[in-house]
Amino acid sequence: MGALLALSRLIDRINETIGKAVSWLILIAILVAAGNALVRKILNTSSNAWLELQWYLFGAAFLLAAAYTLKQNEHIRIDIMYGALSRRKQHWIDLFGHVFFLMPMVCLMIWLLVPYALTSFRSGELSNNSGGLLLWPAKALLLAGFVLLFFQGISEIIKKIAVMMGLIEDPFPPTESHEMDLTEEEKR
């Protein structure tokens with residue numbers, strides 16, 4: 001299990017680095033959008049390439065940060081019954097969800113996206129919009145996002161099993177769902 005935990009730490013470091021780095025793409029996308037709007041209003045001209053670039057930047061940030069979001073345990077959940085369960089039962093639910101829902105979906109997406117991205121790359125596929133960008137980078141980002149999510153899913157499964165076996169501390173100790181909304185002063 002020690003080697004698997006080392007692998008998990010490596011995956012976590014890679015996804016954390018990528019996740020934090022791509023957060024800057026949101027700022028760049030905003031600057032591109034603002035610049036494009038200014039040029040359109042002031043010079044009465046525009047380019048589809050600038051619009052597509054901001055879509056690519058936002059898409060890259062979203063797709064490449066999905067694994068980091070999973071690592072941080074920040075994906076949205078409907079917590080009606082989950083929060084009332086013991087932490088051990090929550091671990092079992094998380095493990096079940098990762099193994100039987102997350103991983104099959106991610107594997108299916110990777111299997112479907114490899115030929116999709118390769119065909120686009122080989123053909124040099126362009127946007128249908130006049131003056132648009134190449135499409136294969138966007139399709140490659142889809143694939144890259146799911147590959148990162150696949151590896152983070154493996155890491156989460158390893159960590160969940162290690163926590164349940166008592167080999168590592170729970171990285172997300174239990175809290176009451178309403179406590180997260182309270183300030184430190186309100187909690188006292």
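Okay, so let's go over this structure. All figures in this text were calculated on a predicted structure; none of them were measured in a lab.

Definitions and cut-offs
- Residues numbered from 1 in each chain as written.
- Predicted model: local features only at pLDDT ≥ 70, side-chain atom pairs only at ≥ 80, totals over all residues.
- Heavy atoms only, no water.
- Helix = DSSP H or I, 4+ residues; strand = E, 2+ residues; numbered from the N terminus.
- Rg over C-alpha atoms; globule rule 2.2 N^0.38 Å.
- Buried < 20%, exposed > 50% of the residue type's maximum accessible area, 1.4 Å probe, protein only.
- Contact = heavy atoms within 4.5 Å.
- Phe/Tyr/Trp six-rings, centres within 6.5 Å; stacked < 30°, edge-to-face > 60°.
- Salt bridge = Lys/Arg side-chain N within 4 Å of Asp/Glu carboxyl O.
- Core = buried A, V, L, I, M, F, W, Y, C linked by side-chain atoms within 4.5 Å.
- Axes fitted to C-alpha atoms, helices over the stretch in contact; angles between N-to-C directions.
- Parallel < 35°, antiparallel > 145°, perpendicular 65-115°, else oblique.
- Nonpolar A, V, L, I, M, F, W, Y, C, P; charged D, E, K, R; others polar.

1. As for the overall build of the chain
Part 1 of the argument: Summing up its helical and strand segments, the chain has six helices and zero strands in all.
Part 2 of the argument: Its helices and strands taken in sequence order, the chain reads α-α-α-α-α-α from the N to the C terminus.
Part 3 of the argument: What you see for the chain is a C-alpha radius of gyration of 21 Å, clearly larger than the 16 Å of a compact globule of 188 residues, by over 25%.
Part 4 of the argument: On the principal axes, the C-alpha backbone points of the chain span a range of 60 × 45 × 30 Å.
Part 5 of the argument: Buried residues in the chain amount to 32% of all 188 residues.
Part 6 of the argument: Considering only contacts in the chain between residues 6 or more positions apart, those separated by 24 or more positions represent 74%.

2. As for the packing of aromatic side chains
Part 1 of the argument: In the structure shown here, the tally under the stated rule is four aromatic pairs.
Part 2 of the argument: With 4.8 Å between their ring centres and 40° between their planes, Phe 96 and Phe 100 make a pair best called tilted. Placement of the pair is Phe 96 and Phe 100 together in helix H4 (residues 87-123), with a separation of four residues, close to one helical turn.
Part 3 of the argument: By relative accessible area, Phe 96 is classed as partly exposed at 45%.
Part 4 of the argument: By relative accessible area, which is 53% here, Phe 100 ends up exposed.

3. Some details on the pattern of salt bridges
Part 1 of the argument: Under the criterion given, the structure shown has seven salt bridges.
Part 2 of the argument: In this structure, Lys 159 and Asp 12 form a salt bridge, with 2.9 Å as the shortest nitrogen-oxygen distance. Taken together, the residues Lys 159 in helix H5 (residues 136-164) and Asp 12 in helix H1 (residues 2-22) connect sequence positions 147 residues apart. Per residue, the accessibility class of Lys 159 equals that of Asp 12, and both read buried.
Part 3 of the argument: Note that Lys 160 is salt-bridged to Asp 94, the shortest N-O span being 3.2 Å. With a gap of 66 residues between them, Lys 160 in helix H5 and Asp 94 in helix H4 connect regions that are remote in the sequence. For the residue pair Lys 160 and Asp 94, the accessibility class agrees, reading buried in each case.

4. Thoughts on the nonpolar core
Part 1 of the argument: With 24 residues, the main nonpolar core has Leu 25, Leu 102, Val 106, Phe 146 and Leu 149 as its most contacted residues.
Part 2 of the argument: Looking at this core, the elements that each hand over two or more residues are helix H2 (24-43), helix H3 (48-71), H4 and H5.
Part 3 of the argument: Excluding anything up to four places from it in sequence, Leu 25 contacts Leu 57, Ala 60 and Ala 61.

5. Here's the deal with the side chain of Lys 139
Part 1 of the argument: Positionally, Lys 139 belongs in helix H5.
Part 2 of the argument: Assessed through its relative accessible area of 11%, Lys 139 is described here as buried.
Part 3 of the argument: Filtering out sequence-adjacent residues up to four positions away, Lys 139 remains in contact with Tyr 116, Ala 117, Ser 120 and Glu 125.

6. Concerning the packing of H1 against H2
Part 1 of the argument: Where H1 contacts H2, the axes come no closer than 4 Å and their chain directions differ by 20°. Classed by the angle they form, the pair H1 and H2 counts as roughly parallel. Across the interface between the two elements, Lys 20, Ala 21 and Val 22 of H1 pack against Trp 24, Leu 25 and Ile 26 of H2.
Part 2 of the argument: A breakdown of the residues in the contact of H1 with H2 according to their chemical character gives five nonpolar, no polar and one charged.

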